[in-house]
Amino acid sequence: AIMIKLTMVLITGPSGCGKSTIASSFSESLERNNFCVALFSQDNYFTMPFLPYRERQDLRYESNCGIDFQQLISDIENWASDQIARITAAVSEEKNVSTIFNNIAIVVEGHLLGAAAEMLYACCTAKIDGDIVHSLSTVCVLIQCSQEKCKRRRLGRRTRTKEEHYELSNYFDEFVWV
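Below is a summary of the structure that appears in this document. (Residues numbered from 1 in each chain as written. Predicted model: local features only at pLDDT ≥ 70, side-chain atom pairs only at ≥ 80, totals over all residues. Heavy atoms only, no water.)

1. Some thoughts on the overall build of the protein chain
Regarding its fold elements, the protein chain presents 5 helices and 4 strands. Shown N-terminal to C-terminal, the secondary structure of the protein chain runs as helices and strands in the order β-α-β-α-β-α-β-α-α. Sorting the 178 residues of the protein chain into buried and exposed places 41% on the buried side. Taking all contacts inside the protein chain whose residues are at least 6 apart in sequence as the whole, residues at least 24 apart take part in 78%. Per element, the accessible surface of the protein chain, about 10000 Å² overall, is 50% carbon and sulfur. (Helix = DSSP H or I, 4+ residues; strand = E, 2+ residues; numbered from the N terminus. Buried < 20%, exposed > 50% of the residue type's maximum accessible area, 1.4 Å probe, protein only. Contact = heavy atoms within 4.5 Å. Areas by Shrake-Rupley, 256 points an atom, 1.4 Å probe, with all protein chains shown as cover.)

This is the structure in structure tokens:
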């Protein structure tokens, strides 16, 4: 028999609070503990092309309407299905195995995940069939950080020209922390 435990970890919080850093470190830790891990970043699901900060005139990059959550969910479902099929195929090749335990973890990070938590949970719940995938654990981590610290972290992510620094600083104040 195959016993798969599916764990979903949602990491959310304001822009610049360290979500990506924590998600990456946590994913690596899970892998060292024999979990099969996928890390999904909400930033890869923006529906609009990147615009320089000075050209952004509204909140679309900082609100749910700017994220393709359906594609994110589809990618998570496809990855989970592929892993379950891979594990099932590997076990069917083994002969004298009574029970195989496998842990699959899906780590999703992004600043707008709170609004999509129900949809993300539902997509993973649909994978539980009772025979192969026998349980789902879901953890939602909310990282809190002061506006000033988040802004400092966001501005310090990479080297910027004075103009880029100024534009991002204004964008952060006008759209990110409204």
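The rest of the description comes next.
2. Here's the deal with the packing of helix H4 (residues 147–155) against helix H5 (residues 162–176)
At their nearest, the axes of H4 and H5 sit 10 Å apart, and the two run at 145° to each other. Relative to H5, H4 is oriented so that their crossing is right-handed. Along the contact surface, H4 presents Gln 147, Cys 150, Lys 151, Arg 154 and Leu 155, while H5 presents His 165, Leu 168, Ser 169, Tyr 171, Phe 172, Asp 173 and Val 176. In terms of residue class, the contact of H4 with H5 is made up of 6 nonpolar, 3 polar and 3 charged. (Axes fitted to C-alpha atoms, helices over the stretch in contact; angles between N-to-C directions. Left-handed = near helix turned anticlockwise from the far one by under 90°. Nonpolar A, V, L, I, M, F, W, Y, C, P; charged D, E, K, R; others polar.)

3. Focus on a positive patch on the surface
Together, Lys 149, Arg 152, Arg 153 and Arg 157 give the surface a local cluster of positive charge. By secondary structure assignment, the location of Arg 153 is in helix H4. (Patch = residues over 30% accessible without salt bridge, like charges linked within 9 Å, V, L, I, M, F, W, Y side chains within 5 Å. Salt bridge = Lys/Arg side-chain N within 4 Å of Asp/Glu carboxyl O. Lys, Arg positive; Asp, Glu negative; His and termini not counted. Charge placed at Lys NZ, Arg CZ, Asp CG, Glu CD.)

4. Considerations on the environment of Gly 18
In this structure, Gly 18 sits in the loop between strand S1 (2–12) and helix H1 (19–32). Sequence separation between Gly 18 and Gln 144 is 126 residues; the distance between their C-alpha atoms is 9.5 Å.

5. Thoughts on the pattern of salt bridges
A complete count under the given rule lists 3 salt bridges for this structure. In this structure, the salt-bridge partner of Arg 54 is Glu 163, at a minimum N-O distance of 4.0 Å. With a gap of 109 residues between them, Arg 54 in the loop between strand S2 (35–41) and helix H2 (69–93) and Glu 163 in helix H5 connect regions that are remote in the sequence. The salt bridge involving Lys 151 is made with Asp 173; its shortest N-O contact spans 2.9 Å. Taken together, the residues Lys 151 in helix H4 and Asp 173 in helix H5 connect sequence positions 22 residues apart. Overall, Lys 151 belongs to the buried group, its relative accessible area being 13%. Of the residues examined, Asp 173 reaches a relative accessible area of 36% and is grouped as partly exposed. One network of salt bridges, with partners in common, ties together Arg 54, Glu 163 and Glu 167.

6. Brief notes about the side chain of Thr 7
Mapped onto the secondary structure, Thr 7 falls in strand S1. For Thr 7, a relative accessible area of 13% translates into the label buried.

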